[in-house]
Amino acid sequence: MPMICKPRSFGWSLMFGLLVAGAGVVLLLDQQGLLDAGRVFQYFWPAVCIAFGLIYLFQGGGRRMWGGVLLVIGVLLALDYSGRVRVPIWPLIIIAVGGMMIWQAIAPQTNPLTGKVSSWRDQISRWGGGNSTDSDFNQVAILGGFKRRFTGKNFRGGNILTICGGFDIDLRQASIEGDGAVIDATSVMGGGEIKVPSSWVVSIEGMGIMGAFVDETNQIPATDSAPRQHLVVKGIAFMGGVVVKN
């Protein structure tokens, strides 16, 4: 029986692809004399902040707060670049980001598995890279990195974005919910490792652009008594690498 992996609604590779395609369209229109590419590209960072803000808002949960902050930052940057509004943008951005980090650290949060409010010690442990029983994840590392270990039995997949950073995902004690899961890993001038059980079937569907996706797993031969779980790893490795191993 073929293994079916559940599709994911969003991946950072989609975001990266849209940005690259959009830049190509702008350059094409510039060569045709229809617009000024220099003026369009000056709005690059405002557009990125607005796009990320909208994505986090639609994803819901605790990411909505960060989505709102990024959306406001993007709009303020766009207005400042247009010359219509002159406000101390960067001091306000720094204050806003600092305030959000403080709130993220001290605000009570509800554990979705138990329904109980997590203590500040639980929140610090979560950011410290300990075990996690979450069913999925969405991690971003820019000029940095992260390490996560999953031990739950209902893993469904996740999204990874690293820019000049790295990651280490350990799934060796996890179990996939259903027949399959998908990890979308986009790495720009960075990379990392995804560790999986030897009983899992791994399919690499990522695209390497001056980079590579590598499967170093030693998979156990399938038996009728032991159904196989299927992990699909896709995304984009631009001047970076993603390695799947046991």
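Residues numbered from 1 in each chain as written. Predicted model: local features only at pLDDT ≥ 70, side-chain atom pairs only at ≥ 80, totals over all residues. Heavy atoms only, no water.

Novice: Would you mind going over the overall build of the protein chain with me for this structure?
Specialist: A tally of regular secondary structure across the protein chain gives six helices and 14 strands. In the protein chain, which comprises 246 residues, the share counted as buried stands at 37%. Considering only intrachain contacts with a sequence separation of at least 6, the fraction spanning at least 24 residues in the protein chain is 59%. As displayed, the protein chain offers around 14,000 Å² of accessible surface, 63% of which is attributable to carbon and sulfur atoms. (Helix = DSSP H or I, 4+ residues; strand = E, 2+ residues; numbered from the N terminus. Buried < 20%, exposed > 50% of the residue type's maximum accessible area, 1.4 Å probe, protein only. Contact = heavy atoms within 4.5 Å. Areas by Shrake-Rupley, 256 points an atom, 1.4 Å probe, with all protein chains shown as cover.)

Novice: When you look at the confidence of the model for the protein chain in this model, what are you seeing that I'm missing?
Specialist: Across the protein chain, pLDDT averages 76, with 74% of residues at or above 70. Under a pLDDT of 50 for its full length, residues 110-130 has, in the predicted model, 24 contacts with residues more than four places off or in other chains. (pLDDT = per-residue confidence, 0-100.)

Novice: Any chance you could explain a nonpolar patch on the surface here in plain terms?
Specialist: A cluster of nonpolar residues, Met189, Met207, Ile209, Met210 and Met239, forms a patch on the protein surface that exposes about 500 Å² of accessible area. As for its placement among the helices and strands, Met207 is situated in strand β11 (residues 207-209). (Patch = residues over 30% accessible without salt bridge, like charges linked within 9 Å, V, L, I, M, F, W, Y side chains within 5 Å. Salt bridge = Lys/Arg side-chain N within 4 Å of Asp/Glu carboxyl O.)

Novice: How should the packing of aromatic side chains be read in this particular structure?
Specialist: Each aromatic ring pair is characterised by the separation of its centres together with the angle its planes make. Taken as a whole and judged by the stated rule, the model has four aromatic pairs. On the basis of an interplanar angle of 20° and a centroid distance of 6.0 Å, the ring pair of Phe146 and Phe167 is categorised as stacked. Remark: Phe167 occurs in strand β7 (residues 166-170) and Phe146 occurs in strand β5 (residues 145-150); sequence separation between them is 21 residues. Given a relative accessible area of 6%, Phe167 falls into the buried group. An aromatic cluster is built from Phe137, Phe150 and Phe155, whose rings are joined through pairwise contacts. (Phe/Tyr/Trp six-rings, centres within 6.5 Å; stacked < 30°, edge-to-face > 60°.)

Novice: Teacher, can you tell me more about the pattern of salt bridges here?
Specialist: When their charged atoms lie close together, side chains carrying opposite charge are able to pair. Evaluation of the coordinates by the stated rule reveals six salt bridges. Residue Arg149 is joined to Asp170 by a salt bridge in which the shortest nitrogen-to-oxygen separation is 3.8 Å. Placement of the pair is Arg149 in strand β5 and Asp170 in strand β7, with a sequence separation of 21 residues. Two residues, Glu193 and Lys245, come together in a salt bridge whose shortest N-O distance is 3.4 Å. Pair noted here: Glu193 is in strand β9 (residues 191-195) and Lys245 is in strand β14 (residues 241-245), with a separation of 52 residues, a long-range link. Judged by relative accessible area, which is 27%, Glu193 ranks as partly exposed. Each of Asp168, Glu193, Lys195 and Lys245 takes part in a single network of salt bridges with overlapping partners.

Novice: Honestly, the pairing of β7 in this entry has me stumped. Any pointers?
Specialist: On a regular strand, one side chain projects to one face of the sheet and the next to the other, so that they alternate. Counting buried positions along β7 gives four out of five residues, so the element sits mostly inside the fold. Of the strand pairs in this sheet, β5 and β7 are connected by five bridges, and their pairing is parallel. In the strand pairing of β7, Arg149 is matched with Asp170. Bridging between β7 and β9 involves five bridges; their strand directions are parallel. (Pairing = 2+ DSSP bridges.)

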